[in-house]
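# Structural features, examined
Each chain, letter by letter, is given below.
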Amino acid sequence: MDLIKDHPVLDFKHNAKVEFTFDGSKMEGFEGEPIAMALHANGVRIYRETPEMKRPRGFFCAIGKCSSCFMVVDGTPNVRTCITPLKAGMKVETQHGKGKVPLASE
């Protein structure tokens, strides 16, 4: 994982290391950090594909105001991964298009 360890102004404290999956691959991150931060540390730069033009999007505003970091998390589409805390066992997936909410019967 590629992490900032020392910074002249900011203090980085990491919680317990946890495992999660991204598109079926096991990855590690720190509990409570934004999902996008854990993905970035694991080399993931593309989070979703736009609905009409099929263009890749990744980390952009980092404050939950844009839609660039939308991903499917534990089956729920359109999750803002830049502000959603990572938890052990999360299933994170690249979002294609607008995302599909699974029906209760699925």
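This one's a predicted model, so the numbers in the text were calculated from it and none came from an experiment.

Procedures and definitions
Residues numbered from 1 in each chain as written. Predicted model: local features only at pLDDT ≥ 70, side-chain atom pairs only at ≥ 80, totals over all residues. Heavy atoms only, no water. Pairing = 2+ DSSP bridges. Helix = DSSP H or I, 4+ residues; strand = E, 2+ residues; numbered from the N terminus. Salt bridge = Lys/Arg side-chain N within 4 Å of Asp/Glu carboxyl O. Contact = heavy atoms within 4.5 Å. Axes fitted to C-alpha atoms, helices over the stretch in contact; angles between N-to-C directions. Polar contact = N/O pair within 3.5 Å; in protein donor to acceptor, adjacent residues only side chain to side chain. Buried < 20%, exposed > 50% of the residue type's maximum accessible area, 1.4 Å probe, protein only.

### Concerning the sheet that holds strand β8 (residues 95-96)
Consider a sheet: its strands pair through backbone hydrogen bonds, and that pairing is either parallel or antiparallel. Taken in spatial order, the 3 strands line up as β4-β3-β8 in an open sheet, and their pairing is mixed. Two strands close off the open sheet at either side, each with one partner strand: β4 (56-57) and β8. Pairing between strand β3 (residues 48-49) and β4: 2 bridges, direction antiparallel. Paired with Arg 48 across the two strands is Arg 57, which belongs to β4.

### Some points on the pattern of salt bridges
One pass over the full model with this rule turns up 1 salt bridge. With a shortest N-O distance of 3.8 Å, Lys 17 and Glu 28 are connected by a salt bridge. One end of the pair, Lys 17, is in strand β1 (residues 17-22); the other, Glu 28, is in strand β2 (residues 25-30), and 11 residues separate them in sequence.

### Let's talk about the environment of Lys 98
Looking at the element boundaries, Lys 98 is found in the segment after β8. Sequence spacing of Lys 98 and Met 71 is 27 residues, and the spatial spacing of their C-alpha atoms is 9.8 Å. Once you skip the residues sitting within four places of it in the chain, Lys 98 turns out to touch Pro 51 and Asn 78.

### Things to note about the sheet that holds β2
Ordered in space as β2-β1-β7-β5-β6, the 5 strands form an open sheet in which the pairing is mixed. The open sheet is flanked by β2 and β6 (76-80), the only strands paired with a single partner. Averaged over all pairs of adjacent strands, the angle between their axes in this sheet comes to 40 degrees, without regard to strand direction. In this sheet, strand β7 (residues 91-93) lies alongside strand β5 (residues 70-73) in antiparallel orientation, the contact comprising 2 bridges. Across the sheet, Val 73 pairs through a bridge with Val 92, a residue of β7.

### Things to note about the side chain of Gln 95
Locating Gln 95 in the fold gives a position in strand β8. Only 3.4 Å separates the side chain of Gln 95 from the backbone oxygen of Lys 98, close enough to count as a polar contact. Setting aside chain neighbours within four positions, we find Gln 95 in contact with Tyr 47, Arg 48, Glu 49, Phe 70, Met 71, Val 72, Pro 77 and Asn 78.

### Examining the pairing of β6
The sheet contact formed by β5 and β6 spans 3 bridges and is antiparallel. Residue pairing for β6: Val 73 is matched across the bridge by Thr 76. Taken together, β5 and the strand that follows it, β6, pair antiparallel across an intervening segment of 2 residues, in which Asp 74 is found at a positive phi of about 50 degrees.

### Observations concerning the environment of Val 92
The topology assignment puts Val 92 in strand β7. A residue is classified by how much of its surface remains accessible, and Val 92, at 0% relative accessible area, is buried. Taking C-alpha positions, Val 92 is 7.0 Å from Met 71, a pair spaced 21 residues apart along the chain. Excluding residues within four positions of it along the chain, Val 92 makes contact with Phe 20, Thr 21, Phe 22, Asp 23, Ile 35, Leu 39, Met 71 and Val 72.

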